[in-house]
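Each chain, written out:
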Amino acid sequence: MASEHDALRLAIDAARVPRHVAVIMDGNGRWAERHGEHRMMGHANGVNAVRETLTGAGEVGVKYLTLYAFSTENWNRPQAEVEALMDLLVRTLTSELDSLNENRVRLNAIGDLDKLPPDCLRLLREAMASTAGNDRITLTLALSYSARWELMRMARRMAEDVQHGLLSAADVDESAVAARLATAGLPDPELLIRTSGERRISNFLLWQIAYAELWFTDTLWPDFTRADLYRAILDYQQRERRFGLVSEQVKA
Ligand code: FPP
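Residues numbered from 1 in each chain as written. Predicted model: local features only at pLDDT ≥ 70, side-chain atom pairs only at ≥ 80, totals over all residues. Heavy atoms only, no water.

S.K.: Tell me about the nonpolar core, residues and numbers included.
M.R.: For soluble globular proteins, nonpolar side chains are generally found buried alongside one another. Core analysis: the largest hydrophobic core is formed by 49 residues, its most contacted members being Leu 107, Leu 124 and Ile 193. Discounting residues that sit within four places of it in the chain, Leu 124 has contacts with Leu 93, Leu 107, Ala 109, Leu 113, Leu 116 and Leu 143. Counting 15 residues, the second-largest nonpolar core is a separate cluster that includes Ile 24, Ile 110, Ala 142 and Leu 205. (Core = buried A, V, L, I, M, F, W, Y, C linked by side-chain atoms within 4.5 Å. Buried < 20%, exposed > 50% of the residue type's maximum accessible area, 1.4 Å probe, protein only. Contact = heavy atoms within 4.5 Å.)

S.K.: Would you mind going over the sheet that holds strand E5 (residues 191-194) in detail, with residue names and values included?
M.R.: Across a sheet, strands are paired by hydrogen bonds formed along the backbone, either parallel or antiparallel in direction. Spatial strand order, E3-E4-E2-E1-E5-E6: six strands in an open sheet with parallel pairing. At either margin of the open sheet sits one strand with a lone partner, and together these are strand E3 (105-110) and strand E6 (213-216). Averaged over all neighbouring strand pairs, the angle between strand axes comes to 20 degrees, with direction disregarded. In terms of strand pairing, E5 meets E6 through four bridges, oriented parallel. Bridge pairing links Arg 194 to Phe 216 in E6. (Pairing = 2+ DSSP bridges. Helix = DSSP H or I, 4+ residues; strand = E, 2+ residues; numbered from the N terminus. Axes fitted to C-alpha atoms, helices over the stretch in contact; angles between N-to-C directions.)

S.K.: Describe the pairing of strand E1 (residues 20-24), naming the residues involved and giving the relevant values.
M.R.: Among the five residues that make up E1, five are buried, leaving the element largely enclosed by the rest of the structure. Taking every second residue as pointing to the same face, both faces of E1 are buried, with His 20, Ala 22 and Ile 24 on one and Val 21 and Val 23 on the other.

S.K.: Hey, could you go over the site of the ligand for me, with residue numbers and the actual values?
M.R.: Within the structure, the ligand sits among 18 residues, and Asn 28, Gly 29, Arg 30, Arg 39 and Arg 77 are positioned closest to it. Gly 29 has a polar backbone atom sitting 2.9 Å from an oxygen atom of the ligand. Arg 30 places a polar main-chain atom, nitrogen or oxygen, 2.7 Å from an oxygen atom of the ligand. In isolation the ligand exposes 630 Å². Once the protein is present, 90% of that is buried. Applying the majority rule of atoms within 2 Å of the grid points places the ligand in the largest pocket. Of all the elements in the fold, those that place two or more residues in the shell around the ligand are helix H2 (28-34), helix H3 (39-60) and helix H4 (79-102). The class makeup of the residues in the shell around the ligand is seven nonpolar, seven polar and four charged. (Near = heavy atom within 4 Å. Polar contact = N/O pair within 3.5 Å; in protein donor to acceptor, adjacent residues only side chain to side chain. Areas by Shrake-Rupley, 256 points an atom, 1.4 Å probe, with all protein chains shown as cover. 1 Å grid on protein atoms, 1.4 Å probe; cavity = no way out; pocket = protein on both sides within 12 Å on 5 of 7 lines; lining within 4 Å. Sits in = over half its atoms within 2 Å of the grid points. Nonpolar A, V, L, I, M, F, W, Y, C, P; charged D, E, K, R; others polar.)

S.K.: Please set out the packing of H3 against H4 residue by residue, giving values where relevant.
M.R.: Contact geometry for H3 and H4: axes closest at 11 Å, N-to-C directions at 30 degrees. Compared by their axis directions, H3 and H4 come out roughly parallel. Handedness of the H3/H4 crossing: right-handed. Across from Arg 39, Met 40, His 43, Ala 44, Val 47, Arg 51 and Leu 54 in H3, the residues of H4 making contact are Glu 81, Ala 84, Leu 85, Leu 88, Thr 92, Glu 96 and Leu 100. Of the residues contributing to the contact of H3 with H4, the split by class is eight nonpolar, two polar and four charged. (Parallel < 35°, antiparallel > 145°, perpendicular 65-115°, else oblique. Left-handed = near helix turned anticlockwise from the far one by under 90°.)

S.K.: Please set out empty space enclosed by the protein residue by residue, giving values where relevant.
M.R.: Under the defined criterion, the tally for this structure stands at one cavity of 30 Å³ or more. Approximately 30 Å³ is the volume attributed to the largest cavity. Together, His 20, Thr 66, Thr 183, Leu 186, Pro 187, Pro 189, Leu 205 and Gln 208 line the largest cavity. The residue makeup of the lining of the largest cavity, split by class, is four nonpolar, four polar and no charged. (Points joined across faces, edges and corners; volume = space filled by probe spheres on them.)

S.K.: Describe in detail the pattern of salt bridges, supporting the description with residues and values.
M.R.: Applying the stated rule across the entire model yields 24 salt bridges. Across the pair Arg 51 and Glu 96 runs a salt bridge whose closest N-O atoms are separated by 2.9 Å. Placement of the pair is Arg 51 in helix H3 and Glu 96 in helix H4, with a sequence separation of 45 residues. Judged by its relative accessible area of 16%, Glu 96 is buried. Each member of the salt-bridge network shares a partner with another, and the members are Asp 6, Arg 9, Glu 52, Glu 59 and Arg 226. (Salt bridge = Lys/Arg side-chain N within 4 Å of Asp/Glu carboxyl O.)

S.K.: Could you give me a rundown of the packing of helix H1 (residues 4-11) against helix H8 (residues 226-238), with the residues and numbers involved?
M.R.: Running from amino to carboxyl end, H1 crosses H8 at an angle of 25 degrees, the nearest separation of the two axes being 9 Å. The angle between the axes of H1 and H8 places the two elements in the roughly parallel class. Handedness of the H1/H8 crossing: left-handed. Of the residues in H8, those touching H1 at Glu 4, His 5, Leu 8, Arg 9 and Ala 11 are Arg 226, Ala 227, Tyr 230, Arg 231 and Leu 234. Residue composition of the contact of H1 with H8, grouped by class: five nonpolar, one polar and four charged.

Encoded structure:
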């Protein structure tokens, strides 16, 4: 018998799958609370949802999946939770590396990575190097990331390039900005998903989501499945993306 996600997957138009899907994974803490568990159990179960989403994205031909795993602001959480999240990242990278390679997943990371604990950063760099040749899907983890940090660093890089005579003010255009962002080389996301009922962007990919379709669900992140991803993609395929044009122009 076909499962629910198989039926949803078959309804997706393969020619119009978003190339890049970005996800704000939210609600791990509330999931834990509802199950009478410690917050960390919410994060641990969130890893299953990451695996599920990555598999589902690969199955329908999404080429880039970007996950907001740890924000600049998350450093201000209680120290025990920050340490446990870093520990979870280390354990997950270690246990999933073979599977990433078997499934031809290229691992990438964006953010102020030098702020990560040294063992975590070393493992992350090793995992990125080990998966660098994979071409099925690029999984980008946003770690110690915020869009304002990224835009501030872009402005600094640009000022330095002007100072060193590598760039003139007249040459500053969209591509000059994009090339100095952490996402340089990645296409912009066409679809942004946020779980847990919140309808905010929370400092995520502000430049890159200029034309993204937004999709919100009340589902808490640990309960998110590939069926939910497929619902988001199906909803995206129903929408007309106009990029500032009128409907007749888009149809022509
Ligand atoms: C948001 O839930 C989730 C996070 C801040 C961390 C996300 C981490 C994972 C899903 C696991 C680790 C991921 C990888 C890739 C190894 P919240 O804690 O803000 O939930 P709440 O709003 O209900 O408190």
